[in-house]
Amino acid sequence: MNQRSRIAVLMIPPALLLLFFFVLPMLVMGSFSFRAGSFGAERQIWTLDNYRDFLASTSFQRLLLKSILVALRTSLYCVVLAYPAAYYLVFRAGAKRSTLLTLILAPAWTSFLLRILSWKMILSSEGLLSSLLLSLGLIEEGRPILLYSMNAVIVALIYSWLPFVALPIFAALQRIDKSLLEAAADLGCPPWKAFLRVTLPLSLPGVAAGFFFIFIPTLGEWVTPALVGGVDGVMYGNIIQSQFVSALNWPMGSLMSLVMLLLMLIILGALSRFAYLLPLEEAK
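Residues numbered from 1 in each chain as written. Predicted model: local features only at pLDDT ≥ 70, side-chain atom pairs only at ≥ 80, totals over all residues. Heavy atoms only, no water.

Draft legend 1. Inspection of the overall build of the protein at higher detail. Check the secondary structure of the protein and you find 12 helices and zero strands. Going from N to C terminus, the protein has its helices and strands arranged as α-α-α-α-α-α-α-α-α-α-α-α. The principal-axis extent of the C-alpha atoms belonging to the protein is close to 75 × 75 × 35 Å. Relative to its full complement of 284 residues, the protein shows a buried share of 37%. Look at the contacts in the protein between residues 6 or more apart in sequence, and 67% of them connect residues 24 or more apart. Surface exposure of the protein reaches about 16,600 Å², of which carbon and sulfur atoms provide 70%. Computing the positive centroid from 20 side-chain charges and the negative centroid from 13, the protein places the two 10 Å apart. (Helix = DSSP H or I, 4+ residues; strand = E, 2+ residues; numbered from the N terminus. Buried < 20%, exposed > 50% of the residue type's maximum accessible area, 1.4 Å probe, protein only. Contact = heavy atoms within 4.5 Å. Areas by Shrake-Rupley, 256 points an atom, 1.4 Å probe, with all protein chains shown as cover. Lys, Arg positive; Asp, Glu negative; His and termini not counted. Charge placed at Lys NZ, Arg CZ, Asp CG, Glu CD.)

Draft legend 2. Broad picture of unusual backbone geometry. Even without being a glycine, Tyr-148 presents a positive backbone phi close to 60°. With respect to the helices and strands, Tyr-148 occurs in the loop between α6 (128-135) and α7 (150-174). Its identity is not glycine, yet Leu-248 carries a phi of approximately 55°, on the positive side. Relative accessible area serves as the criterion here: at 43%, Leu-248 is assigned to the partly exposed category.

Draft legend 3. Highlighting the packing of helix α3 (residues 58-91) against α7. For the pair α3 and α7, interaxial distance at closest approach is 6 Å and the crossing angle is 45°. Classified by the interaxial angle, the pair formed by α3 and α7 is oblique. Every pair of crossing elements has a handedness; the one defined by α3 and α7 is right-handed. For the contact of α3 with α7, the class distribution of residues is 23 nonpolar, three polar and two charged. (Axes fitted to C-alpha atoms, helices over the stretch in contact; angles between N-to-C directions. Parallel < 35°, antiparallel > 145°, perpendicular 65-115°, else oblique. Left-handed = near helix turned anticlockwise from the far one by under 90°. Nonpolar A, V, L, I, M, F, W, Y, C, P; charged D, E, K, R; others polar.)

Draft legend 4. Seen up close, the pattern of salt bridges. With the rule as written, the count across this model stands at one salt bridge. The shortest N-O distance in the salt bridge between Asp-49 and Arg-52 comes to 2.7 Å. Residue Asp-49 and its partner Arg-52 are located together in helix α2 (residues 49-56), separated by three residues, close to a single helical turn. Among the residues examined, Asp-49 registers a relative accessible area of 39% and is labelled partly exposed. (Salt bridge = Lys/Arg side-chain N within 4 Å of Asp/Glu carboxyl O.)

Draft legend 5. How the structure looks around the packing of aromatic side chains. Inspection of every chain in the model, using the stated rule, returns 14 aromatic pairs. Ring centres 4.7 Å apart and planes at 40° place the aromatic pair Tyr-87 and Phe-91 in the tilted group. With a gap of four residues between them, Tyr-87 and Phe-91 both fall in helix α3, about one helical turn apart. Among the residues examined, Tyr-87 registers a relative accessible area of 24% and is labelled partly exposed. (Phe/Tyr/Trp six-rings, centres within 6.5 Å; stacked < 30°, edge-to-face > 60°.)

Draft legend 6. Representation of a nonpolar patch on the surface within the structure. A cluster of nonpolar side chains, namely Ile-12, Leu-16, Leu-17, Leu-18, Leu-19, Phe-20, Phe-21, Phe-22, Val-23, Leu-24 and Leu-27, defines an oily patch on the protein surface of about 1,100 Å² accessible area. Inspection of the secondary structure puts Leu-27 in helix α1 (residues 3-32). (Patch = residues over 30% accessible without salt bridge, like charges linked within 9 Å, V, L, I, M, F, W, Y side chains within 5 Å.)

Draft legend 7. Just the nonpolar core, in detail. Core analysis: the biggest nonpolar cluster contains 58 residues, and Phe-54, Ile-169, Leu-173, Phe-215, Val-228, Tyr-236 and Met-256 have the highest contact counts within it. Of all elements in the fold, only α3, α4 (97-105), α5 (112-123), α7, α9 (191-219), α10 (223-229), α11 (236-245) and α12 (250-283) reach the threshold of two or more residues within this core. When residues in this core are grouped by element, the largest group, 14 residues, is from α3. In this structure, Tyr-236 is in contact with Phe-54, Phe-60, Leu-63, Leu-64, Ser-67, Met-256, Val-259 and Met-260, ignoring residues within four places of it in sequence. (Core = buried A, V, L, I, M, F, W, Y, C linked by side-chain atoms within 4.5 Å.)

Don't take any of this as a statement about function, it's just geometry.
Okay, structure coming up:
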């Protein structure tokens, strides 16, 4: 088997899976966005009314912007919290590295739904946090702490996704040639400057991977806001879910999903370009 045949054999199965389980569903969703209704005769009518309704609905647009900002905040917080942990594991942990890495990843081995429900119990009026504040005399009666707010959604999302940010950053830091840091030290570069000029630029691919790994699912998140967000914590994904399940308005749900996908691709393209150019600027 020649080189071209081997490549074809390896690429055809994943290409077919991508075609049938991503490309075709997206095309069907795109066609639904032009339909007048979800069922019956209305499903056969093609119209642009859904696009006009979406453009006229400022509430949908504001909620999408709000969800983008929440996803950006969650991703940034996760990177800021995960980077020191990954740095310590690579350069300071020594023989304890494997044990500590296992402890960081252990929460990710449990059900995502159970982890979100546990935060609902912690933040509730009879939960751990409220009981602690009550025992310290900081509050007079048990009440929800942050529960049913956007802050509760962000806290729960950070807890759930933090291990998945630490892992790519850990892998990127581990691939750094330690001789580069030794050369920087030999040339009189202080540790903080070696970190800014050597370690940080070389670890940016891991940082970008972790950031995108969190930003993409968080933007369309609807389970966490539904459980701990309440009315104040509603995100764009909750509206999409309600359009498909409660309102049975599949055309509008499809359109909202496509708009979210388009904006996500634009943001990811811009951030990817920034992550690519930053190491080049550091090298100059």
